[in-house]
Amino acid sequence: MNGHADDEDAMKLTELINRFLNRRKAYEQAQSDLLTALVDEVAALRGRVAHLEKRERVHEDVLNVLRGQHVDNRTDVSDQAFLAHQEVARSFSRLVEQDLVPVAGEVVRRRNAEEGVFLPADEVVRAEAEVVGHLTRALFNGDGSDWLLRQGVVLPTGQWEALRSDAEHIVAMAEATSHAYAWQFECTIGVPLDPRKQVVWQPCSPHDPVAFVVAPAYVVTEGDPPRRHAKQRVFTGPQPPAA
């Protein structure tokens, strides 16, 4: 009889342990689900905040263009006649520095991981600058996404459309001024930097020859002389050996 009682006690203990483990598992799953829901909610809120901040910048940019047009129509403030173009240049700089540079870093890291290569730091800097240069040409020189793909720059779904939308907004700001302007990509390779028209892409040396254009100059060609509101950004350094 004692053996039978011991078996029953063991079964009851096993049942209690299983109930405890099942309840603990259910509790942990509920906590995990709750944490996942909270993370998703935080991500959604961050997305909404980013969207609102972007809309605020767009409205601010449009307002500044309108202010610039108002200034252009006043003969007593001729020195500020191209205020709107200065805002275009600032918006262009923000796009390059805050959007294109991080995107270029992601492209290079993803490409290196896929190819299983490890580049030295100076080669990473050059590769990222090249990608920024490809992006600015695609967005502001009319080369488009097909040309971008031919340069080996692959962007995640939706990223190209977002960048193109931002670039189109900047172009619309420039068009709204009704002044003639240009995005100047042309430069001479292998010559010293021209500080009147160009700035060096960090961390390059201003004493090395120009290797390629990273971002174009923004020049208002209307007027004598033309006004350069954003200088050309160039990568400097030795030219890679010919293939």
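The structure we're discussing is the one just above.
This structure is a prediction, so every number in the text was calculated from the model and none was measured.

A. The sheet that holds strand S4 (residues 217-220), seen in detail. Sheet architecture is open: three strands sit in the order S1-S4-S5, paired in antiparallel fashion. Edge positions in the sheet fall to strand S1 (181-184) and strand S5 (227-230), since each of these pairs with one other strand and no more. Averaged over neighbouring strand pairs, the angle between their axes works out to 30 degrees when direction is ignored. Bridge count for S4 against S5 is three bridges, and the pairing is antiparallel.

B. Representation of helix H5 (residues 159-176) in the model. For H5, which comprises 18 residues, the first-to-last C-alpha distance of 26 Å matches the rise-based estimate of 26 Å (1.5 Å per residue) to within 8%. Turning to H5, its buried residues number three or more, namely Gln 159, Trp 160, Leu 163, Asp 166, Ala 167, His 169, Ile 170, Met 173 and Ala 174. Ser 178 sits one or two residues past H5 and shows a positive phi near 65 degrees.

C. Up close: the sheet that holds strand S3 (residues 210-215). Spatially, three strands are ordered S2-S6-S3 in an open sheet, and the strand pairing comes out mixed. With partners counted over all chains shown, the strands left at the sheet margins are strand S2 (198-200) and S3, one partner each. Between one strand axis and the next, the sheet turns through 40 degrees on average, direction left out of account. As paired elements, S3 and strand S6 (residues 232-236) share four bridges and run antiparallel to each other. Across the sheet, Val 210 pairs through a bridge with Thr 236, a residue of S6. Running at roughly 55 degrees to S3, helix H3 (residues 121-140) makes contact with S3 and S6 of the sheet.

D. Quick peek at the packing of aromatic side chains. The tally for this structure, following the rule as stated, stands at seven aromatic pairs. Centre to centre, the rings of Tyr 181 and Trp 183 are 6.3 Å apart; their planes meet at 85 degrees, and the pair counts as edge-to-face. Overall, the relative accessible area of 19% leaves Tyr 181 in the buried class. Considering the side-chain rings of Phe 212 and Phe 235, the 4.9 Å spacing of their centres and the 5 degrees angle between planes classify their relative orientation as stacked. A residue pair is termed long-range when its members are at least 10 positions apart, and Phe 212 in strand S3 and Phe 235 in strand S6 qualify at 23 residues. The class of Phe 212 is buried, set by a relative accessible area of 15%. Judged by relative accessible area, which is 6%, Phe 235 ranks as buried. Each residue in the set Phe 92, Phe 140, Tyr 181, Trp 183 and Tyr 218 is aromatic and connected to the rest through ring pairs, giving one cluster.

E. Local environment of a nonpolar patch on the surface. A surface patch of nonpolar side chains, amounting to about 390 Å² of accessible area, comprises Leu 13, Ile 17, Phe 20 and Leu 21. Along the chain, Ile 17 turns up in helix H1 (residues 2-72).

F. A look at the nonpolar core. If you look at the biggest cluster of nonpolar residues, it comprises 46 residues, and the most contacted ones within it are Leu 135, Phe 140, Leu 155, Trp 183 and Tyr 218. Going through the elements one at a time, helix H2 (83-115), H3, helix H4 (144-150), H5, S1, S3, S4 and S6 are the ones with two or more residues in this core. Looking at this core, the element that brings in the most residues is H2, giving 10 residues. Setting aside residues no more than four positions away along its own chain, Leu 155 makes contact with Val 103, Val 107, Arg 110, Leu 135, Leu 148, Trp 160 and Leu 163.

Conventions and cut-offs
- Residue numbers run consecutively from 1 along every chain, following the written order of its sequence.
- In keeping with the predicted nature of the model, local features appear solely for residues at pLDDT of at least 70, side-chain atom pairs appear and are counted solely at 80 or more, and the whole-chain, interface and lining totals rest on all residues.
- As a convention, hydrogens and water are excluded, and side-chain values are obtained from all of the structure's heavy atoms.
- Here the rule is simple: two strands pair whenever DSSP picks up at least two bridges between them.
- A run of DSSP states H or I qualifies as a helix once it reaches four residues; a run of E qualifies as a strand once it reaches two. Both are numbered from the N-terminal end.
- Here an angle of 0 to 180 degrees is reported between the N-to-C directions of two axes, which are lines fitted to C-alpha atoms, with helices fitted over the stretch in contact.
- Here a helix's expected span is defined as the number of its residues, less one, multiplied by 1.5 Å.
- Think of it in three bands: with a 1.4 Å probe and only protein chains considered, a residue is buried below 20% of the maximum accessible area for its type, exposed above 50%, and partly exposed in between.
- The contact definition used throughout considers only heavy atoms, calling two residues in contact when any of these lie within 4.5 Å.
- Any pair of Phe, Tyr and Trp rings, taking the six-membered ring for Trp, is counted once the centres come within 6.5 Å. Such a pair is stacked with planes under 30 degrees apart, edge-to-face with planes over 60 apart, and tilted for the rest.
- Each patch is built from residues lacking any salt bridge and having more than 30% relative accessible area; the joining distance is 9 Å for like charges and 5 Å for nonpolar side chains (Val, Leu, Ile, Met, Phe, Trp, Tyr).
- Residue burial considers only the protein chains on display, and all accessible areas are found by Shrake-Rupley using a 1.4 Å probe.
- The working definition used for a salt bridge is a side-chain nitrogen of Lys or Arg within 4 Å of a carboxyl oxygen of Asp or Glu.
- Among the buried residues, those of types Ala, Val, Leu, Ile, Met, Phe, Trp, Tyr and Cys that are joined through side-chain atoms within 4.5 Å form a nonpolar core.

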